[in-house]
Amino acid sequence: MSAESEDVPLYAERPEWSDVVPVPQYQGVDALAPINYSAEYQDATDYFRGIIRMGETSPRVLKLTRDIINMNPAHYSAWQYRYKTLIAIGADLTEELRQMDDFALTNMKTYQVWHHRRLLLTALRSRDAAAGELAFTARVLAADAKNYHTWSYRQWLLAHFNDEERLWAGERAWVEDLLEKDVRNNSAWHHRFFVVWSSGVREGDEDREAVGRRELAFAKEKIALAPNNPSAWNYLRGVLEHTKTPLSALTTFVQLYTVSSPSIAPEVMDLDNPVPTEGAQLPCVNALEFQADIYEQEGGTQITKAVEIWKSLANEYDTMRKKYWEYRIKEGLQTTHT
Amino acid sequence: MSASTSTLLIPLHAKYVQSLGESKDDLMYHLTAHLRMNAIYWGLTALCTMNHKDALNREEMIEFVMSCWDDEAGGGFGAHPDHDAHIHSTLSAIQILIMQDALDRVDVDRVVKFILSLQQPSGVFAGDQWGEIDTRFLYCAVNALSLLGRLHELDVEKTVGYVRQCRNFDGGFGAVAGAESHAAMVFVCTATLAILDRLDEIDQEMLGWWLAERQVPSGGLNGRPEKLEDVCYSFWVLSAMAILKKVPWIDSDKLIAFILSAQDTDHGGIADRPGNQADVFHTHFGIAGLSLLGYPGLADLDPVYCMPARVIERMGLRKGWEGLPRKAS
Ligand SMILES: [Zn+2]
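Residues numbered from 1 in each chain as written. Chains lettered and ligands numbered in written order. Predicted model: local features only at pLDDT ≥ 70, side-chain atom pairs only at ≥ 80, totals over all residues. Heavy atoms only, no water.

Novice: What should I look at first to understand the overall build of chain B in this one?
Specialist: Per the secondary structure count, chain B includes 14 helices and 4 strands. Along the three orthogonal principal directions, the C-alpha set of chain B runs to about 55 × 45 × 35 Å. Across the 329 residues that make up chain B, the buried fraction comes to 64%. Counting contacts in chain B only where the partners sit at least 6 residues apart, residues at least 24 apart contribute 67% of the total. Carbon and sulfur atoms make up 50% of the accessible area of chain B, which amounts to about 11400 Å² in all. Charge separation in chain B, taken as the distance between the mean sites of 27 positive and 43 negative side-chain charges, equals 4 Å. (Helix = DSSP H or I, 4+ residues; strand = E, 2+ residues; numbered from the N terminus. Buried < 20%, exposed > 50% of the residue type's maximum accessible area, 1.4 Å probe, protein only. Contact = heavy atoms within 4.5 Å. Areas by Shrake-Rupley, 256 points an atom, 1.4 Å probe, with all protein chains shown as cover. Lys, Arg positive; Asp, Glu negative; His and termini not counted. Charge placed at Lys NZ, Arg CZ, Asp CG, Glu CD.)

This is how it looks when you write it as structure tokens:
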């Protein structure tokens, strides 16, 4: 498991550690009693327990905890004690971040990796460091564009340091780039909503009506590219809801996606209503659902049209969720009768 | 010769869970020491759901749980005897002791004090003194306080306030304020609100639809759009749907077939998806999902507390959830 091989001596064999009394792992209950695993791991954790017992915080504790973390990235006591030691000895926290960069890249799914950085950034209170971390998370997300902990950490950085010029300014362009690479990346769609709508007003975005138009156009353009993409449709609905725009405002656009065969591209491009990309699978379930919602909101005789669509979803286009569509039909018909 | 994956191999899985306590000489066992308490809870709950509770020794289990008591932290349980107290292992410990009818072994006042000490000014809970925060820990706290009959000591408004902050435009919930919707977080937030009788905070139609959309053509469920299906989401997604009474909205036959196909027919246990290595986590959540889908021969599992329904009912804590009716075998 450990990167270093056999030629590294055990802690038990190092004279500079002879003052520490190793504390073996608890072995009380027989049926659950362990042992026989890696000698290095056992040795290091025995000395770690010894250090905790002494309450020592010193540079050598950093070496020891690093060894343990290398062998077991989820060892949260080692992380916790490492952080405590860094603070106690006044270590260079920026240096600690750099030391941990490669480790974070290879262990990005481990929560502790990100929590450690968050604690370091909180202690550093530096916007420079935060900007550096934005660049670092961008590197990690380039390797795994959906890593949950990395995304939450980035959102925390933005909100915590909240610096328009140094942090927020490049955010929308950056996430747009990610969507350029993968239009179905739900994490990126979520982040766009976070940046544009749910964390204050960005510089240059003060005209909210214009922002609303821009975002609808953006979502429509991405839907045209890949119509069967729930993330983009969710975003579209999110914008409508947030700006209190009725669904029916998009009737013309949605109808391009509810037909079975694509309509012939108009001679004059309608920028507000981009047509589905060639070869797209139509009709699109999200569009049918959207259209039925429009009819349902209009009410009255339009309910019949909504019911027709729901029936087609239940029996043909989305049979896995048949019961859901049948429920919508029942509910829809009930409202017309009351 | 392997058994077929068309039925749930109950005796084989019971044997698998039983055998987990025996193979302690491999490295994986020690690398997962930080989950030991949770693993015992997963194993025990799986056995209870399969009506094989006695496959693990009660006395040994209670003794192990009590050996994880962390006196210095002020009254919680660690995942392992020499680990610091953590809210997740504390919840697991309480759940195990309740299932084993041994809660009288615990100094409840001190546990409650430990749990409450982890609530942050924002309303969220930290997992331990180190300070990792997210809605999973908040759920652990609310669940444990409810099981201990001490919910009245919780600042409910503050707690619900944080859950509200984690709600997203798509109707789902994230791990922290601002984070993407994720099925596991949808479960913890929904179950928390159910325990606190605050389901009115949720747009139930919208969330029910988001959950139903998690079913992919293989029949399995994923945790976020465009992610791979995974057996453990059979619990995260389904339990939230059961709390909202929307389980019928997805294709249960296809989901049952998916979970069964992830069984290890030679050694027992269930994996995250077909062909992968089985583990106790996915075994438990796969069986839990099957229970909510009315699979024959299983006991009812309470989706709010993720414990045997019988136990929760006896404690008078049952909320208004609904799984599918139990099928006759
Ligand atoms: Zn899983």
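Novice: Got a minute to help me understand the coordination of the zinc ion in this structure?
Specialist: Under perfect tetrahedral coordination by four donors, a metal shows angles of 109.5 degrees; under perfect octahedral coordination by six donors, it shows angles of 90 or 180 degrees. All names here are of chain B. D230 (OD), D230 (OD), C232 (SG) and H282 (NE2) make up the full set of protein donors to the zinc ion, lying at 2.1 to 2.5 Å. Sequence spacing of the donors to the zinc ion: D-x1-C-x49-H. Here D230, found in the loop between α10 (204-212) and α11 (233-243), pairs with H282, found in helix α13 (residues 280-292); they are 52 residues apart in sequence, far enough to count as distant. Classification of D230 by relative accessible area gives buried; the value is 11%. Overall, H282 belongs to the buried group, its relative accessible area being 9%. (Donors = N, O, S within 2.8 Å, 3.2 Å for Na, K, Ca; no water.)

Novice: Can you walk me through the interface of chain B and chain A in this structure?
Specialist: By convention, interface size is frequently given as the accessible area that disappears when the constituent parts associate. In this complex, chain B contributes 54 residues to the contact, which on the side of chain A involves 52 residues. Taking both partners together, chain B and chain A bury about 5000 Å²; carbon and sulfur atoms supply 60% of that area. The largest per-residue losses of area from chain B upon contact with chain A belong to W130(B), F169(B) and W209(B), which jointly make up 18% of the total buried on that side. Remark: the boundary between chain B and chain A carries 1 salt bridge. (Buried area = accessible area lost by both parts, 1.4 Å probe. Salt bridge = Lys/Arg side-chain N within 4 Å of Asp/Glu carboxyl O.)

Novice: Just checking my understanding: could you explain a negative patch on the surface for this structure?
Specialist: All names here are of chain A. A cluster of like negative charges, contributed by E165, E203, E206, D207 and E209, occupies part of the molecular surface. Within the element layout of this structure, D207 appears in the loop between α10 (186-196) and α11 (208-225). When its relative accessible area of 45% is taken as the criterion, D207 is described as partly exposed. (Patch = residues over 30% accessible without salt bridge, like charges linked within 9 Å, V, L, I, M, F, W, Y side chains within 5 Å.)

Novice: Sorry if this is basic, but what is going on with α11(B) here?
Specialist: A turn of α-helix holds 3.6 residues, and therefore any two residues three or four places apart point the same way. All names here are of chain B. Taking burial as the measure, the 11 residues of α11 include 11 buried ones, the bulk of the element. For α11, the full list of buried residues reads Y233, S234, F235, W236, V237, L238, S239, A240, M241, A242 and I243. Against α9 (183-195), α10, α12 (252-261), α13 and β3 (301-302) lie the buried residues of α11. Once α11 finishes, K245 follows within two positions and takes phi at roughly 60°, a positive value.

Novice: For this particular structure, what's the right way to read the packing of aromatic side chains?
Specialist: When we look at a pair of aromatic rings, we describe it by the centre distance and by the angle of the planes. Counted under the stated rule, the structure contains 35 aromatic pairs over all chains. Taking 5.6 Å as the distance between ring centres and 55° as the angle between the ring planes, the aromatic pair formed by W189(A) and F218(A) counts as tilted. Linking W189(A) in helix α10 with F218(A) in helix α11, this pair joins segments that are 29 residues apart in sequence. On the basis of relative accessibility, which here comes to 0%, the residue W189(A) falls in the buried class. Residue class for F218(A) comes out buried when judged on its relative accessible area of 6%. With a centroid separation of 4.5 Å and an interplanar angle of 25°, the aromatic rings of Y324(A) and W209(B) are classed as stacked. In this pair, Y324(A) sits in helix α16 (residues 322-337) while W209(B) sits in helix α10, so the two residues belong to two different chains. When sorted by exposure, Y324(A) lands in the same class as W209(B), which is buried. Here the aromatic residues W42(B), Y139(B), F187(B), F235(B), W236(B), F281(B) and F285(B) are joined through ring pairs into a cluster of three or more. We note R192(A) situated over the ring of F218(A); from NZ or CZ to the ring centre the distance is 3.6 Å. (Phe/Tyr/Trp six-rings, centres within 6.5 Å; stacked < 30°, edge-to-face > 60°. Lys NZ or Arg CZ within 6 Å of the ring centre and 35° of its normal.)

Novice: How do you make sense of the domain arrangement of chain B when you look at a structure like this?
Specialist: Residues and elements named next belong to chain B. Splitting chain B by domain gives domain 1 (1-23 + 203-329), domain 2 (32-116) and domain 3 (118-201). The C-alpha centroid of domain 2 is placed 23 Å from the C-alpha centroid of domain 1. Taken together, the contacts link 21 residues of domain 1 with 17 residues of domain 2. With both sides pooled, the region where domain 1 packs onto domain 2 buries about 1700 Å², and carbon together with sulfur makes up 77% of that total. Taken as a group, V17, H284 and M307 account for 25% of the area that domain 1 buries against domain 2, more than any other trio of residues on that side. Between domain 1 and domain 2 we count 0 salt bridges in total. For the interface between domain 1 and domain 2, the tally reads 5 residue pairs in polar contact (both at pLDDT 80 or more). Elements that contribute at least two residues to the side of domain 1 that touches domain 2 include exactly α1 (10-20), α13 and β4 (307-308). (Domains from an automatic or database assignment. Polar contact = N/O pair within 3.5 Å; in protein donor to acceptor, adjacent residues only side chain to side chain.)

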